[in-house]
Amino acid sequence: MEKTYDIVIVGAGPAGMTAAIYAIRANMKVLMLDRLSPGGQMINTNEVENYTGAGKLSGADLAIRMFEHTQELGVEFDYKTVIDITDGGLWKTITCEEDDTVYKAKAVILATGTVPRRLGVPGEDTWAASGISWCAICDGAQYCGKEVVVIGGGNSAVEESIYLAGICTKLTIVTMFDLTADPKACDQLRRLPTVTIYPYQDVLEFTGTDRLTGVRFKSTKEDATERYVTCDGVFEYIGFQASSQAFARLGIVDRTGCIQTDSHMRTSVPGIFGAGDITVKHLRQIVTACSDGAVAANSAANYVESNR
């Protein structure tokens, strides 16, 4: 079966949903695809307080608001895993894993975002999703009254650590450098009595036999002191990697896995646009993803109109 659209948006995070809103308001026939629930990494954020006009709310709540907005406007959405995108000139072909439906569009907006990066140390695969998590909002509640280790020192690590410190009896922060998050959040974390911070450390191993029991790590300083901390759970926040496997063959992905776009969010392939965290950019935030989505949709709509 074949279905055709003016614009297909791959990814339903803030960039993809904003693109969908702008595209359908430009009288385009729009389809938005994502293998997961709409919201992207935003739904894993405990608290958002820097999205203009929204005040303080959870990332999940903001994601619901955005998705409801797309549905009020009539954006078609489907849970599909895109595995390939090919450029056929005027028409682009989008192939999904779940069925034999072939989607064709005159323009495609790639807004697939990123996935959490892993350390690649012994024990990580063993305890992944069974002691090691990448989402405190999803899994934090099961560690109420227990001991937890957070790995990382950026904004996500610090913000989620503040949340976890409120439910855990002991929280240990292990980071390769020092805390690099917003100074206000770092100061707040440092003041918490149940929190211990070990900066400039390399994680060596996650230990355990029947369950995760601890983390072994070593100082990157000259003394190379090795430490071991017992814990019931670990949360990793060491950055993300781009979700670009489905369109690697298009030749628009750089060595980091991200898409290079111009100021109009156009890639080097006519009719293919990028938006959000998947693109090469300096600041990855919800508000910048939304900005990208709006620009990409405007550019894509202009492209479609020029090729009618």
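Residues numbered from 1 in each chain as written. Predicted model: local features only at pLDDT ≥ 70, side-chain atom pairs only at ≥ 80, totals over all residues. Heavy atoms only, no water.

Draft legend 1. Inspection of the packing of aromatic side chains at higher detail. Using the criterion set out here, one finds 5 aromatic pairs in the structure. With a centroid separation of 5.7 Å and 85 degrees between ring planes, the pair formed by Tyr143 and Phe235 is classed as edge-to-face. On the criterion of sequence distance, the pair formed by Tyr143 in the loop between helix 4 (136-139) and strand 9 (147-151) and Phe235 in strand 15 (residues 233-236) is long-range, its members being 92 residues apart. By relative accessible area, which is 6% here, Tyr143 ends up buried. By relative accessible area, which is 0% here, Phe235 ends up buried. Considering the side-chain rings of Phe273 and Tyr303, the 6.2 Å spacing of their centres and the 70 degrees angle between planes classify their relative orientation as edge-to-face. Of the two residues, Phe273 is situated in strand 17 (residues 272-274) and Tyr303 in helix 7 (residues 286-306); the sequence distance between them amounts to 30 residues. Ring-pair connections join several aromatic residues into one group, and the members of that group are Phe67, Phe77 and Tyr79. (Phe/Tyr/Trp six-rings, centres within 6.5 Å; stacked < 30°, edge-to-face > 60°. Helix = DSSP H or I, 4+ residues; strand = E, 2+ residues; numbered from the N terminus. Buried < 20%, exposed > 50% of the residue type's maximum accessible area, 1.4 Å probe, protein only.)

Draft legend 2. Region of the structure containing helix 5 (residues 155-165). Where helix 5 is concerned, the buried positions are Ala157, Val158, Glu160, Ser161, Leu164 and Ala165. Where helix 5 is buried, its residues meet helix 4, strand 9, strand 10 (170-174), helix 6 (183-190), strand 11 (195-198) and strand 15. (Contact = heavy atoms within 4.5 Å.)

Draft legend 3. Local environment of the side chain of Thr93. When you line up the elements, Thr93 lands in strand 5 (residues 91-96). In this structure Thr93 touches Asp84, Ile85, Thr86, Val102, Tyr103 and Lys104, once residues within four positions along its chain are discounted.

Draft legend 4. Highlighting the sheet that holds strand 11. As summarised here, the arrangement of the 5 strands in space is 8-15-9-10-11, forming an open sheet in which the pairing is parallel. The open sheet has two edge strands with one neighbour each: strand 8 (132-133) and strand 11. Bridge analysis of strand 9 against strand 15 gives 4 bridges, and the strand direction is parallel. Residue pairing for strand 15: Val148 is matched across the bridge by Gly233. (Pairing = 2+ DSSP bridges.)

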